[in-house]
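# Overview (structure and organization)
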Amino acid sequence: ILMSSCSKESIDYGNIITTRSHNFVPEVLYCNVGDTIFFELGITHNVVEVSHEDYHLNNSTPIVNGFEFDFGEFNYIIVEESKTHYYVCTPHLPSMKAKIIVH
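A brief report on the enclosed structure follows. (Residues numbered from 1 in each chain as written. Predicted model: local features only at pLDDT ≥ 70, side-chain atom pairs only at ≥ 80, totals over all residues. Heavy atoms only, no water.)

## Looking at the environment of Glu81
Under the convention used in this document: For the purposes of this entry, the term helix denotes a DSSP run of H or I that reaches at least four residues, the term strand denotes a run of E that reaches at least two, and both are numbered from the N terminus.
Inspection of the secondary structure assignment puts Glu81 in the loop between β8 (74–78) and β9 (84–88). The spatial distance from the C-alpha of Glu81 to the C-alpha of Asn32 is 8.5 Å, given a sequence separation of 49 residues.

Structure below.
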């Protein structure tokens with residue numbers, strides 16, 4: 001996964017994940033290898049990529065080399081392999097979690 005900061009105004013958003021109340025929207029995002037996924041987080045939300053097991057156990061332990069974005073951050077990842085990425089908002093578990101399914 002490549003990670004980098006970006007200016008909201010300078011990039012055309014294709015696949016975007018936002019926050020609404022205590023939810024990620026969409027809860028499941030389907031995309032393809034090589035796609036750029038944008039995160040537009042509300043000020044009270046962060047993102048931590050977790051393992052499949054921690055996702056189901058409602059734990060926020062970050063995985064090694066996973067993506068992690070701070071509260072209120074605008075950022076993006078480029079997905080480089082076919083797999084499922086699980087992520088959570090640390091203060092809003094167990095309700096606020098989602099996944100990206102890469103084909």
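On we go.
## Structural notes on the side chain of Thr19
Formally: Any pair of nitrogen or oxygen atoms within 3.5 Å is treated as a polar contact; in protein, a donor-acceptor pairing is required on top of that, and neighbouring residues in sequence qualify only through side-chain atoms on both sides. By definition, residues are in contact when any of their heavy atoms lie within 4.5 Å.
You can see Thr19 is positioned in strand β2 (residues 15–20). Side-chain polar atoms of Thr19 contact the backbone nitrogen of Gly42, separated by 2.9 Å. Among residues more than four places away in sequence, those in contact with Thr19 are Phe24, Glu40, Leu41, Gly42, His45 and Met96.

## Regarding the packing of aromatic side chains
Note the following rule: To pair, rings of Phe, Tyr and Trp, with the six-membered ring standing in for Trp, must have centres within 6.5 Å; the planes then decide the type, stacked if under 30 degrees apart, edge-to-face if over 60, and tilted in the middle. Residue burial is assigned from relative accessible area. The probe radius is 1.4 Å, only protein chains are included, and a residue is buried under 20% of its type maximum, exposed over 50%, and partly exposed in between. Here, over-ring charges are defined by two tests on the NZ atom of lysine or the CZ atom of arginine: distance to the ring centre within 6 Å, and angle to the ring normal within 35 degrees.
Across all of its chains, the model carries 8 aromatic pairs by this definition. Each ring, one from Tyr55 and one from Tyr86, has its centre 4.9 Å from the other, and the planes form 50°; the classification is tilted. Placement of Tyr55 in helix α1 (residues 52–57) and of Tyr86 in strand β9 is noted, with a sequence separation of 31 residues between them. Residue classification places Tyr55 among the buried residues on the basis of a relative accessible area of 6%. With a relative accessible area of 13%, Tyr86 lands in the buried category. Pairwise contacts between aromatic rings join Phe24, Phe39, Phe67, Phe69 and Tyr87 into one cluster. Sitting above the plane of the Tyr55 ring, Lys97 keeps its charged end 4.7 Å from the centroid.

## Quick notes on the sheet that holds β9
The test is simple: Any two strands with at least two DSSP bridges between them are considered paired.
Judged by pairing direction, the sheet is mixed, and its 5 strands sit side by side in the order β4-β10-β9-β6-β7 without closing on themselves. The outermost strands of the open sheet, each flanked by one partner alone, are β4 (28–31) and β7 (68–69). Where strand β6 (residues 47–50) meets β9, 3 bridges bridge the pair, whose relative direction is antiparallel. Paired with Val50 across the two strands is Tyr86, which belongs to β9.

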